[in-house]
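Reading the structure
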Amino acid sequence: EAAVTQSPRNKVAVTGGKVTLSCNQTNNHNNMYWYRQDTGHGLRLIHYSYGAGSTEKGDIPDGYKASRPSQENFSLILELATPSQTSVYFCASGDAGGPNERLFFGHGTKLSVL
Amino acid sequence: QQQVRQSSQSLTVWEGETAILNCSYENSAFDYFPWYQQFPGEGPALLIAIRSVSDKKEDGRFTIFFNKREKNLSLHIKDSQPGDSATYFCAASGASGGNYKPTFGKGTSLVVHP
């Protein structure tokens, strides 16, 4: 069974602080994604990666950085967190890298920026 | 500009009824349409998907009807059960410059009353 693990599950941060959200997958998938989910907006793509060492900007990358040091790990970094970044963040891995790609999601990280 | 639209933010049905969730898209290059199901506190999980070469895909109580000419599709949940209460995301992807990353709709929250 595919496994995507996110840590932490919950995080409270202060405005202006640095936040790192971590994601680990044991599926050996090349593609990984970071989404945020907000009421009324659904799932919006922040950053994604095609493999170790690669990161690409998604639809809403401003205020976020990403890092893919290995096939298994993909991090989302908020250098200067703001209250508008309060959200639920989901990491996913993709199994095909093509038009039939299935995404496997983690359980999410609930981030509150005060 | 929203490329994948789900017409209802929420839908309520009674147990045993057929729930119909609608989705439309704008990009003619989309050719793969997965539906993801999300329960509270969890990440989305792939439920069923269809390619644009087909007009119907069935899996148990779940059926996708696809209309390529009209650029819309619908998910039918036959004999709805309270356990089907969840948020359903319509997504789309296609070979746009070799970039297959999926685009999600905003989701439809389905409540099935016993």
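Because the structure is a prediction, the values reported are computed rather than measured.

Attention now goes to the interface of chain A and chain B. If you look at the interface, chain A gives 23 residues, while chain B gives 20 residues. Summed over both partners, the interface of chain A with chain B comes to about 1800 Å²; 56% of that surface belongs to carbon and sulfur atoms. Taken together, the links from chain A to chain B amount to 0 salt bridges. Applying the counting rule to chain A against chain B returns 3 residue pairs in polar contact (both at pLDDT 80 or more).

Another point: the state of the cysteines. Here, disulfide denotes a covalent bond that connects the sulfur atoms of two cysteines. Residue and element names in this part refer to chain A. Tallying each qualifying case throughout the model produces 2 disulfides over all chains. Two residues, cysteine 23 and cysteine 91, share a disulfide whose sulfurs are 1.9 Å apart. The sign of the -75° torsion about the S-S bond sets the cysteine 23-cysteine 91 disulfide as left-handed. Taken together, the residues span a long stretch of sequence, with cysteine 23 in strand β3 (residues 19-25) and cysteine 91 in strand β9 (residues 87-94) at a distance of 68 residues.

In this section: unusual backbone geometry. The omega angle of the peptide bond from Ser7(A) to Pro8(A) is -5°, so this bond is cis rather than trans. Within the secondary structure, Pro8(A) sits in the loop between β1 (4-7) and β2 (10-13). Residues other than glycine seldom take positive phi values, yet Asn28(A) does so here, at roughly 60°. With respect to the helices and strands, Asn28(A) occurs in the loop between β3 and β4 (31-38). Of the residues examined, Asn28(A) reaches a relative accessible area of 57% and is grouped as exposed. Of note in the backbone geometry, Lys71(B) takes a positive phi value of approximately 55° without being a glycine. For Lys71(B), the position within the fold is in the loop between β7 (62-67) and β8 (72-77).

Rules used throughout
Residues numbered from 1 in each chain as written. Chains lettered and ligands numbered in written order. Predicted model: local features only at pLDDT ≥ 70, side-chain atom pairs only at ≥ 80, totals over all residues. Heavy atoms only, no water. Contact = heavy atoms within 4.5 Å. Buried area = accessible area lost by both parts, 1.4 Å probe. Salt bridge = Lys/Arg side-chain N within 4 Å of Asp/Glu carboxyl O. Polar contact = N/O pair within 3.5 Å; in protein donor to acceptor, adjacent residues only side chain to side chain. Disulfide = S-S within 2.5 Å. Helix = DSSP H or I, 4+ residues; strand = E, 2+ residues; numbered from the N terminus. Buried < 20%, exposed > 50% of the residue type's maximum accessible area, 1.4 Å probe, protein only.

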